[in-house]
Amino acid sequence: MKRDEVYTLKEVASLLRVAHKTIYTMAQSGQLPAFKVRGQWRFARKDIEDWIEEQKISCTRRRGDA
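Rules behind the numbers
- Position numbers for residues start from 1 in each chain and track the written sequence from start to end.
- This being a predicted model, a pLDDT of at least 70 is required before a residue's local features are given, and a value of 80 or more before pairs of side-chain atoms are given or counted; all residues contribute to the totals for chains, interfaces and linings.
- Hydrogens and waters are ignored; side-chain quantities use all the structure's heavy atoms.
- Pairing between strands is defined by DSSP: at least two bridges between the two strands are required.
- Runs of E in the DSSP output that reach at least two residues are strands. Runs of H or I that reach at least four are helices, and both are numbered from the N terminus.
- Angles shown run from 0 to 180 degrees and are taken between the N-to-C directions of axes, each axis being a line fitted to C-alpha atoms and, for helices, limited to the stretch in contact.

S.K.: Requested: an account of the sheet that holds strand E3 (residues 40–44), with residues and values cited.
M.R.: Taking strand neighbours across the sheet as the criterion, the three strands line up as E1-E3-E2 in an open arrangement whose pairing is antiparallel. Of all strands in the sheet, those with a lone pairing partner are strand E1 (6–8) and strand E2 (35–37), marking the two edges. Each neighbouring strand pair of the sheet contributes to a mean axis angle of 45 degrees, computed without reference to strand direction. Pairing analysis gives three bridges linking E1 to E3, with the strands arranged antiparallel. Counted as the bridge partner of Val6 is Ala44 from E3.

Take a look at the structure:
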């Protein structure tokens, strides 16, 4: 897989193992990096990978592990 790959909403939901509606809501509110193509949400693989890493760091800091 290439780093410039683009995911659909369903693919990101499957990757993160959450409901499609959760991803839709997060994209719409700006909590998850996304962009629209003709009204459909799309997610750059690099952006999702970076977002996951940020979440891991944020959780570690909140727990006081860092």
